[in-house]
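In case you want the letters, here they are:
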Amino acid sequence: MEKTGKVVSFFSPKGGTGKSTLTAVTATALNYILNDKKVCIVDADFAQNTIMIHREKEEERLKNDEQFKFQCEGIKRFPVFVCEKNSLVTTIDACKKKFDLILVDFPGTLVDDEILKAVLLVDYMILPVGIDEYEVNSVLNFIDNMLPLLKDINKDIKVKALMNMYSDSFENKNKVNPYDNLKRELNEHGMDVFENKVYKRVEISRNRSTIIPLAYKPGKDSIYNFFKEFNSFIK
């Protein structure tokens, strides 16, 4: 029987929201945690191809850096695919037959017909959002105007927002937490939100890898809390 892999995308209509980083660290963690599952990334962010460039640098390090080679020993590597826009749909379709989990890193625009066709193949869409006003307005505009059109065609797509770049300083009880207001606003626009947040941590950007998963760290600010909830969401 052919596989019918699940297609997941951290999507944002605005650049700089961390979608590529979240795609890479999530794929790397689940590739390690779900050892019996086959994971891949389709890097469709044609303007930058951040993930593929990072993978190529890591492949080069494996040739020259003995310590890095030792760290990667025993860890299975998942493939990263880059394709032209015109072959994006066929690439995703092919991956669904071979992999259990396909994470697609799209560009921040859907104005291209080929990209839009590919987005319609997504089973689970996650919208990372912080408290930057432009970022919030961009995401809310997408939720109100573009998302209903996508759902009208792809009726099975499941969408959820993710509080990203969260800071401990917002938890001071004497101050208004802007993320509480953001969650309320997203809910008012009909958008569910992950309970776990991705905290703003230097190690996430500094130690991100497409081979080595982020080190497990217990506590409320651990990104593994989100990984666990993410895994439940896609099941």
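For the structure itself, consult the block above.
Residues numbered from 1 in each chain as written. Predicted model: local features only at pLDDT ≥ 70, side-chain atom pairs only at ≥ 80, totals over all residues. Heavy atoms only, no water.

*Asks:* How should I be thinking about the pattern of salt bridges in this particular structure?
*Replies:* Where charged atoms from two side chains of opposite charge approach closely, those side chains can pair. A full pass over the atoms with the stated rule returns 10 salt bridges. Salt-bridge contacts for Lys19 lead to Asp45; the nearest nitrogen and oxygen are separated by 3.5 Å. Taken together, the residues span a long stretch of sequence, with Lys19 in helix H1 (residues 19-33) and Asp45 in the loop between strand S2 (39-43) and helix H2 (50-64) at a distance of 26 residues. The pair Lys19 / Asp45 is uniform in exposure class, with both members buried. Among the salt bridges present, the one from Asp112 reaches Lys85, with a minimum N-O distance of 3.0 Å. Of the two residues, Asp112 is situated in the loop between strand S4 (101-105) and helix H5 (113-119) and Lys85 in the loop between strand S3 (80-82) and helix H4 (88-96); the sequence distance between them amounts to 27 residues. Exposure remark for Asp112: the relative accessible area of 22% places this residue in the partly exposed category. Take Lys85: its relative accessible area is 35%, and that puts it in the partly exposed class. One connected set of salt bridges, linked through shared partners, spans Lys19, Asp45 and Asp105. (Salt bridge = Lys/Arg side-chain N within 4 Å of Asp/Glu carboxyl O. Helix = DSSP H or I, 4+ residues; strand = E, 2+ residues; numbered from the N terminus. Buried < 20%, exposed > 50% of the residue type's maximum accessible area, 1.4 Å probe, protein only.)

*Asks:* Sorry, what's going on with the sheet that holds S2 here?
*Replies:* Two orientations exist for strands paired in a sheet by backbone hydrogen bonds: parallel and antiparallel. Pairing within the open sheet is parallel, and its six strands lie in the order S3-S2-S4-S1-S5-S6. The strands lining the two open edges of the sheet, one partner per strand, are S3 and strand S6 (158-163). Neighbouring strand axes in the sheet, compared pairwise and without regard to direction, differ in orientation by 25° on average. Across five bridges, S2 lies against S4 in parallel orientation. Looking at the pairing, Val39 lines up with Leu101 of S4. Contacting strand S5 (124-129) and S6, helix H6 (residues 133-153) runs over the sheet at an angle of about 165° to S5. (Pairing = 2+ DSSP bridges. Axes fitted to C-alpha atoms, helices over the stretch in contact; angles between N-to-C directions. Contact = heavy atoms within 4.5 Å.)

*Asks:* Which parts of the structure should I look at to understand the packing of H6 against helix H7 (residues 178-188)?
*Replies:* When two helices pack together, you describe them by how their axes are tilted relative to each other and by the distance separating the axes. Where H6 contacts H7, the two axes come as close as 11 Å, and the packing angle between them is 15°. On the basis of the axis angle, H6 is roughly parallel to H7. The two elements H6 and H7 cross, and the hand of that crossing is right-handed. Across the interface between the two elements, Val136, Val139, Leu140 and Ile143 of H6 pack against Leu182, Glu185 and Leu186 of H7. (Parallel < 35°, antiparallel > 145°, perpendicular 65-115°, else oblique. Left-handed = near helix turned anticlockwise from the far one by under 90°.)

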